[in-house]
Amino acid sequence: MVIRKGERTGLPVIVAVHSTLLGPALGGVRLTRYDSPVDAVIDALRLSRGMTFKAAASDNGTGGGKAVVPLLPGGPQNLEGQRRKSLLLDIADVVHSLDGRYIVAPDVGTGPADMVAMRMRTPFVGGHSVTGDGLPATTYGTAGGVERAVLATARHLWHTSDLDGRSVAVIGFGAVGRRLTESLLARGAKVTTTDIDGSLREAAEELGATWIPLERAYEAEVDILAPCALGGSLTPALVPRLRCAAIVGSANNQLSTDSVAELLQKQQVVWTPDFIANAGGILYASGLELQRLPHDQAEARLDRIEDATSRTLERSAREGVTTLAAAYDIARDRLAAAEVG
């Protein structure tokens, strides 16, 4: 872990490198509010560990890391203009000092434009690419990966990946949720969606989705629930009220605690772990930016999510363990093999 005071802004820049066994540590920079510096450090450690398992389970060829710049009480809460540019240079300085052991990418509070700015200072930057229609590569890859996880989950449950007539509730109609909604509708699924921002209803309905109130979305009677907004939504109190067969979404840290995985198993709700389903962003962007692959070959890397989902669900069923435990074991097997090698 590296913690440095930005030379231009005076703001703390925190970088946690959890593992480089499988390659350089890759993880986004999070620019958001924290109650204390300690909370920010704990979050950086937790998130960097999560990135290790995400990269390992999806066979991305990278390790896990995370950067955090906390906006603390009494300090600036919004960074724009020259102050933001100065902060990006501060972050880039810290990243560059690690000499390639950590590759920074977008996360909460940052985006592709910020990555482009940091590339002026250091080459160890990912997530700066956009698709031909202007969609960030990480958004495109994440949505495509979740779609593949949905297909694998459907095949595990119903022995076919045909979604025609299947019902899916997409919770969160942001960039990833919108892209996923479009893809699922194109496959013949009946999609309901919602978002905390009610102004998105018209756009959702124009696509052909049905809008439902946010407070009813998690208890919707659907085949698949797709959380694509904030994490921590799957709580012990919610599990008994679920009326879906499976949960597959892009939101990070969906379980309020790891023990919820056991409750879902007892409820016979198949949960595809979030770090399996949402790994498409790093797979696609890494293909484009680290391996210099053309679009078609970078997109083909997303098929690894379909494979990882199938192996996770099969291992869970075969060994009688939760899907979370199965996914962790798959990631640990890959890390152990690299350590021995």
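One structure accompanies this document, and this report is about it. (Residues numbered from 1 in each chain as written. Predicted model: local features only at pLDDT ≥ 70, side-chain atom pairs only at ≥ 80, totals over all residues. Heavy atoms only, no water.)

## Quick word on the pattern of salt bridges
A side chain with one charge can pair with a side chain of the opposite charge if their charged atoms come near.
Item 1. Summed over all chains, the structure comprises 22 salt bridges.
Item 2. Here Asp133 and Arg179 are joined by a salt bridge, their closest N and O atoms 3.8 Å apart. One end of the pair, Asp133, is in the loop between helix 3 (112–118) and helix 4 (137–158); the other, Arg179, is in helix 5 (residues 175–186), and 46 residues separate them in sequence.
Item 3. For Arg178, the salt bridge is made with Glu182, and the minimal N-O distance between the two is 3.8 Å. Pair noted here: Arg178 and Glu182 are both in helix 5, with a separation of 4 residues, about one helical turn.
Item 4. By relative accessible area, Arg178 is classed as partly exposed at 33%.
Item 5. Classification of Glu182 as partly exposed rests on a relative accessible area of 30%. (Salt bridge = Lys/Arg side-chain N within 4 Å of Asp/Glu carboxyl O. Helix = DSSP H or I, 4+ residues; strand = E, 2+ residues; numbered from the N terminus. Buried < 20%, exposed > 50% of the residue type's maximum accessible area, 1.4 Å probe, protein only.)

## Things to note about the sheet that holds strand 7 (residues 190–194)
Item 1. The strand order across the open sheet formed by 6 strands is 8-7-6-9-10-11, and the pairing between neighbours is parallel. At either margin of the open sheet sits one strand with a lone partner, and together these are strand 8 (210–211) and strand 11 (270–271).
Item 2. Where strand 7 lies against strand 8, 2 bridges are found, and the strand directions are parallel. Looking across to strand 8, one finds that Thr192 is bridged to Thr210. (Pairing = 2+ DSSP bridges.)

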